[in-house]
Amino acid sequence: MSQNLVLRNLPIAGILLVTTILFWSPLKAALGLSFQDDRYLPIALAPLMCLFLMYWERTRIFPQSRFWPRIGAPLLGVAMLFCLVLIHWRWTINDGARTALIMFAIVLVWITAFVLCYGPQSFKKALFALCCLFLMIPISPASMDWMTAELQQGSAATSFHILRLMGIPVFREGMTFMLPGLNFRVAPECSGIHSWLAFVIVAILAARVCLRSRWMILLLVALTVPIAIFKNAIRIVVISSLTVYVNPSIINSPLHHNGGPLFALVDLAIFVPLVVIFQRFENRRRSATVSGNDVGNISGGFPPAVAETAVPKL
C-alpha cells in the first residue's frame, strides 16, 4: 500500500524538484523578500498552507486520482514555456513586477503538474488548496503601501470614536491624537498590517477546515479586515488611556512594543464565535436540504400505478 502511494506521488515530486531547480533564481528572490519584510510572509507560508489543506482533505482529493497526460501534458508544456519566456525575455518593467509575473507562471506550472499527475476530479477537489499557491505572488510595494494606509486610517478613525465613547477628552488631526498630557501619532508601523496578514492566513485555514460553502469562506476571510481594524483600535485605546491615567511610561513599555500576541486575543475572541455561527448556519442549511430531499423521495418514490391504486378514488 505504501509502495503504491510512493509510486503515485513520484511524478509530481519529480516535476516539483525539476521546476524548483530550473526556477530557483526567481523563487530565491521571492523567498528573500518574505524574510526581509514581514508583510511578505505569505510568500513563504503559501506552499505550506497548500500542503496542509491537501493532507487535511486527502480522503476527498485523491481517491479518484489518475494520470491524465492527454490534457495535463499540453497544459504543463504551455505553462513551462510561458515561465521560461518570462525568465529569459528582456523586460523593460521593474524588477518587482517581473518577479510577480514569473511567480505567477511558476504557480501555473505547479497547478498544471497537479492536473497531469492526478486528473480532473482530484483537481476540482483540490482547487481551494491549489489557489493558496497564488499567495506566493508578491504584491507590488505601491499596493502594499495602500493597504497599510487604509488599515492605518481605519484604526485611527475607530480609535477616535472609541475614545470619545469612553468619555476621554481627545482631539484628532489626521493621524495625530491629542489627549490630556499625551500627544501621539498612529504611524504606518502601527497600522496592524503585519498582524492582519498573519490573521488572514489563520482565517483561510480555519475557514476551509470548518466550512464548506465557498461564499461563507470568502465572507469569513473578508471579515478579517474590520476585525483587524477593531483589534488595532483597541490596542491604541488601551495603551493611550493607560499612559494618560495610570502610568506615563506605558507608552514606551513592552505592552506597546511587544504586546501584539496579547492583543491578538481580541481577534480570536471575535473570529472563533463567527466560525461557530457560520458552521451552525451551514449545518442548518444542509439539514434543511436533506430533509427536503427526503420528503421529495417519500412523496414521489412510488411508481404512478402503485400511487393510483393505493389511494381510493371517490
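Fair warning: this is a prediction, and the values are worked out from it, not measured in the lab.

What counts, and at which threshold
- Residues numbered from 1 in each chain as written.
- Predicted model: local features only at pLDDT ≥ 70, side-chain atom pairs only at ≥ 80, totals over all residues.
- Heavy atoms only, no water.
- Salt bridge = Lys/Arg side-chain N within 4 Å of Asp/Glu carboxyl O.
- Helix = DSSP H or I, 4+ residues; strand = E, 2+ residues; numbered from the N terminus.
- Buried < 20%, exposed > 50% of the residue type's maximum accessible area, 1.4 Å probe, protein only.
- Contact = heavy atoms within 4.5 Å.
- Pairing = 2+ DSSP bridges.
- Expected span 1.5 Å × (residues − 1).
- Axes fitted to C-alpha atoms, helices over the stretch in contact; angles between N-to-C directions.
- Phe/Tyr/Trp six-rings, centres within 6.5 Å; stacked < 30°, edge-to-face > 60°.
- Core = buried A, V, L, I, M, F, W, Y, C linked by side-chain atoms within 4.5 Å.
- pLDDT = per-residue confidence, 0-100.
- Parallel < 35°, antiparallel > 145°, perpendicular 65-115°, else oblique.
- Nonpolar A, V, L, I, M, F, W, Y, C, P; charged D, E, K, R; others polar.
- Patch = residues over 30% accessible without salt bridge, like charges linked within 9 Å, V, L, I, M, F, W, Y side chains within 5 Å.
- Areas by Shrake-Rupley, 256 points an atom, 1.4 Å probe, with all protein chains shown as cover.

### With respect to the pattern of salt bridges
A pair can form between side chains of opposite charge whenever their charged atoms are brought close.
For step 1, the next point in the chain: Per the stated rule, a full pass over the model turns up six salt bridges.
For step 2, the next point in the chain: Of the charged contacts, one joins arginine 39 and aspartate 37 as a salt bridge, the two residues approaching to 3.2 Å between their closest N and O atoms.
For step 3, the next point in the chain: Ionic contacts of the salt-bridge type, sharing partners, join the residues Glu57, Arg60, Arg208 and Arg212 into one network.

### Some details on the environment of phenylalanine 199
For step 1, the next point in the chain: Looking at where phenylalanine 199 falls in the secondary structure, it is placed in helix α9 (residues 193-210).
For step 2, the next point in the chain: Its relative accessible area of 6% is what places phenylalanine 199 among the buried residues.
For step 3, the next point in the chain: Linking phenylalanine 199 and threonine 224, residues 25 residues apart in sequence, is a C-alpha distance of 7.1 Å.
For step 4, the next point in the chain: In this structure, phenylalanine 199 is in contact with Thr224, Ile227, Asp267 and Phe271, ignoring residues within four places of it in sequence.

### Digging into the pairing of strand β3 (residues 182-185)
For step 1, the next point in the chain: The side-chain alternation of β3 yields one buried face, formed by Leu182 and Phe184, and one unburied face, formed by Asn183 and Arg185.
For step 2, the next point in the chain: Two elements, strand β2 (residues 176-179) and β3, share four bridges in a ladder whose sense is antiparallel. Counterpart to methionine 178 in the pairing with β3 is asparagine 183.
For step 3, the next point in the chain: Linking β2 back to β3 in an antiparallel pair, the connection comprises two residues, with glycine 181 at a positive phi of about 80°.

### Side note on helix α8 (residues 141-165)
For step 1, the next point in the chain: The terminal C-alpha atoms of α8 lie 36 Å apart, and with 25 residues this matches the ideal 36 Å at 1.5 Å per residue to within 8%.
For step 2, the next point in the chain: Among the residues of α8, those classed as buried are Met144, Met147, Thr148, Leu151, Gln152, Gly154, Ser155, Ala156, Ser159, Phe160, Ile162 and Leu163.
For step 3, the next point in the chain: Packed against the buried residues of α8 are β1 (171-173), β2, β3, α9 and α11 (224-245).
For step 4, the next point in the chain: The first or second residue beyond α8 is glycine 167, which carries a positive phi of 80°.

### Structural notes on the sheet that holds β1
For step 1, the next point in the chain: Taken together, three strands build an open sheet; the order of strands is β1-β2-β3 and the sheet is antiparallel. In this open sheet, the two edge strands, each paired with only one partner strand, are β1 and β3. Mean inter-strand twist for the sheet, computed between neighbouring axes without regard to direction, equals 15°.
For step 2, the next point in the chain: Strand direction decides the pairing type here: β1 and β2, joined by three bridges, are antiparallel. What sits directly across from glutamate 173, in β2, is threonine 176.
For step 3, the next point in the chain: Taken strand by strand, α8 contacts β1, β2 and β3, and its axis lies near 20° from that of β2.
For step 4, the next point in the chain: Each of β2 and β3 touches α11; the most contacted strand, β3, lies at about 155° to it.

### A few points about the packing of aromatic side chains
For step 1, the next point in the chain: Summed over all chains, the structure comprises seven aromatic pairs.
For step 2, the next point in the chain: Plain terms: the ring middles of phenylalanine 62 and phenylalanine 114 are 6.3 Å apart, the flat faces sit at 55° to each other, and that makes the pair tilted. Here phenylalanine 114 lies in helix α6 (residues 95-125) and phenylalanine 62 lies in the loop between α4 (58-61) and α5 (69-88), a separation of 52 residues in the sequence.
For step 3, the next point in the chain: On the basis of relative accessible area, phenylalanine 62 is assigned to the buried category, the value being 15%.
For step 4, the next point in the chain: Taken together, Phe62, Phe114 and Tyr118 form an aromatic cluster joined through their ring pairs.

### Considering the nonpolar core
For step 1, the next point in the chain: Counting residues in hydrophobic clusters, the biggest one holds 50 residues, and the most contacted among them are Met54, Ile106, Val109, Phe114, Leu130, Leu133 and Trp196.
For step 2, the next point in the chain: Considering each element in turn, this core owes the most residues, 13 residues, to α6.
For step 3, the next point in the chain: Discounting chain neighbours no more than four positions away, the residues touching valine 109 are Thr19, Phe23, Leu76, Ala79, Met80 and Cys83.
For step 4, the next point in the chain: Within the second largest apolar cluster, 16 residues are counted, among which are Leu163, Val170, Met175 and Leu182.

### Examining the confidence of the model for the protein
For step 1, the next point in the chain: Here the protein shows a mean pLDDT of 86. Residues at 70 or above account for 89%.
For step 2, the next point in the chain: At the level of individual helices and strands, the protein shows its lowest average pLDDT in helix α14 (residues 304-310), which scores 42, and its highest in helix α7 (residues 127-131), which scores 95.
For step 3, the next point in the chain: Below a pLDDT of 50 lies the segment residues 301-314, which in the model reaches one contact outside its immediate sequence neighbourhood of four places, other chains included.

### A word on the packing of helix α10 (residues 214-222) against α11
For step 1, the next point in the chain: In contact at an axis separation of 5 Å, α10 and α11 are set at 20° when each is read in the N-to-C sense. As the angle between them shows, α10 and α11 are arranged roughly parallel. Of α11, the residues touching α10 (which contributes Leu220, Val221 and Ala222) are Thr224, Val225 and Pro226.
For step 2, the next point in the chain: Its residues placed into classes, the contact of α10 with α11 shows five nonpolar, one polar and no charged.

### Digging into a nonpolar patch on the surface
For step 1, the next point in the chain: Where nonpolar side chains cluster on the molecular surface, the patch consists of Leu262, Leu265, Leu268, Val272 and Val276 and spans about 420 Å² of accessible area.
For step 2, the next point in the chain: Mapped onto the fold, leucine 268 is located in helix α13 (residues 260-300).

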